[in-house]
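Letter by letter, the chains look like this.
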Amino acid sequence: MKFFIDTANLAQIKEANELGILDGVTTNPSLMAKEGIKGEAAVMQHYKTICDMVDGDISAEVISTDFDGMIAEGKKLVQIHKNIVVKVPMIKDGIKAIKWFTDNGIRTNCTLVFSAGQAILAAKAGASYVSPFIGRIDDSGWDGMELIHQLRQIYSIQGYKTEILAASIRNPNHIIKCAEAGADVCTCPLDSILGLLKHPLTDIGLAKFLEDAKKFA
Ligand code: E4P
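A. Region of the structure containing helix α11 (residues 200-216). With 17 residues, α11 ought to run about 24 Å at 1.5 Å a step, and its terminal C-alpha atoms sit 25 Å apart, in line with that. By the criterion of burial, α11 is predominantly exposed, with just 0 of the 17 residues buried.

Listed below in structure tokens is the structure:
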């Protein structure tokens, strides 16, 4: 399973990248706004900075909701760097845009996916990635991980090439469960990635080893 970080924060991207396990980055308009980035030039520059930092796929989301607007934005975004993947919302014009991008050799990430039906449409349109939002499904009282299992089964049976990119990750256990369910990619906040490191027995064991090491140092 590939690891992406889900943020537009450069310090966090740097920290995750330095672990040596990072395969890409996903952003969205909320994450960009959180970093205080304003205006098209600043947005483009921010994506360029991320692309220069991480050698992997970088999802950059369109903000238009009509076909022509999404195509125009996507064409500009892919000029930034060869690793840019155009993130497109799961709406009717979004599906048309994904199909157009696919036919024109531009890779896409279909975002805001909450059902198997939506994920089938994204795959049929040729999306490179489909992003089911696990945490938001859990937040609304449903089981996000069920959707990952369902998509894995459907995509495998149907031979769809679209990669399942589990998104809206809330904790380290989500990452483990996504790996178990066969997600191709998990995009995570830095805290959830670092949470995978933690185990109290590791801390206790290391403290003891270091204590004993003093005996022969
Ligand atoms: C996916 O690409 C989204 O950016 C993200 O995972 C949404 O997560 P949230 O539900 O924590 O906002």
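B. Broad picture of unusual backbone geometry. A positive phi is found at Leu-112, a non-glycine position, where the angle reads about 65 degrees. In this fold, Leu-112 is placed in strand β5 (residues 108-113). Here Leu-112 falls in the partly exposed class, since its relative accessible area comes to 34%. We note that Ser-168 has phi near 55 degrees; this positive angle belongs to a residue other than glycine. By the secondary structure assignment, Ser-168 is in the loop between β7 (163-166) and α9 (172-181). A relative accessible area of 8% means that Ser-168 is categorised as buried.

C. Looking closely at the nonpolar core. Of all hydrophobic cores here, the largest spans 58 residues; its most connected members are Leu-77, Ile-84, Ile-148, Ala-166 and Ile-169. Not counting chain neighbours up to four residues away, the residues in contact with Ile-148 comprise Pro-132, Ile-134, Ile-164, Ala-166, Ala-181 and Ala-183. Among the nonpolar cores identified, the runner-up in size contains 5 residues, and Phe-4, Tyr-129, Leu-165 and Val-185 belong to it.

D. Focus on the sheet that holds strand β3 (residues 57-61). Taken together, the 8 strands give a closed barrel; going around it, the order is β1-β2-β3-β4-β5-β6-β7-β8, and neighbouring strands pair in parallel fashion. Put simply, the sheet's adjacent strands are angled 30 degrees from each other on average, direction ignored. With 4 bridges connecting them, strand β1 (residues 2-6) and strand β8 (residues 185-188) associate as parallel partners. Note that in β8 the partner of Phe-4 across the bridge is Thr-187.

E. Here's a closer look at the pairing of β7. Sheet topology note: the strand β6 (residues 129-132)/β7 ladder contains 2 bridges and is parallel. Its bridge partner being in β7, Tyr-129 is matched across the sheet by Glu-163. When β7 meets β8, the two strands line up parallel, connected through 2 bridges. Following the sheet pairing, Ala-166 is matched in β8 by Cys-186.

The rules we used
Residues numbered from 1 in each chain as written. Predicted model: local features only at pLDDT ≥ 70, side-chain atom pairs only at ≥ 80, totals over all residues. Heavy atoms only, no water. Helix = DSSP H or I, 4+ residues; strand = E, 2+ residues; numbered from the N terminus. Expected span 1.5 Å × (residues − 1). Buried < 20%, exposed > 50% of the residue type's maximum accessible area, 1.4 Å probe, protein only. Core = buried A, V, L, I, M, F, W, Y, C linked by side-chain atoms within 4.5 Å. Contact = heavy atoms within 4.5 Å. Pairing = 2+ DSSP bridges. Axes fitted to C-alpha atoms, helices over the stretch in contact; angles between N-to-C directions.

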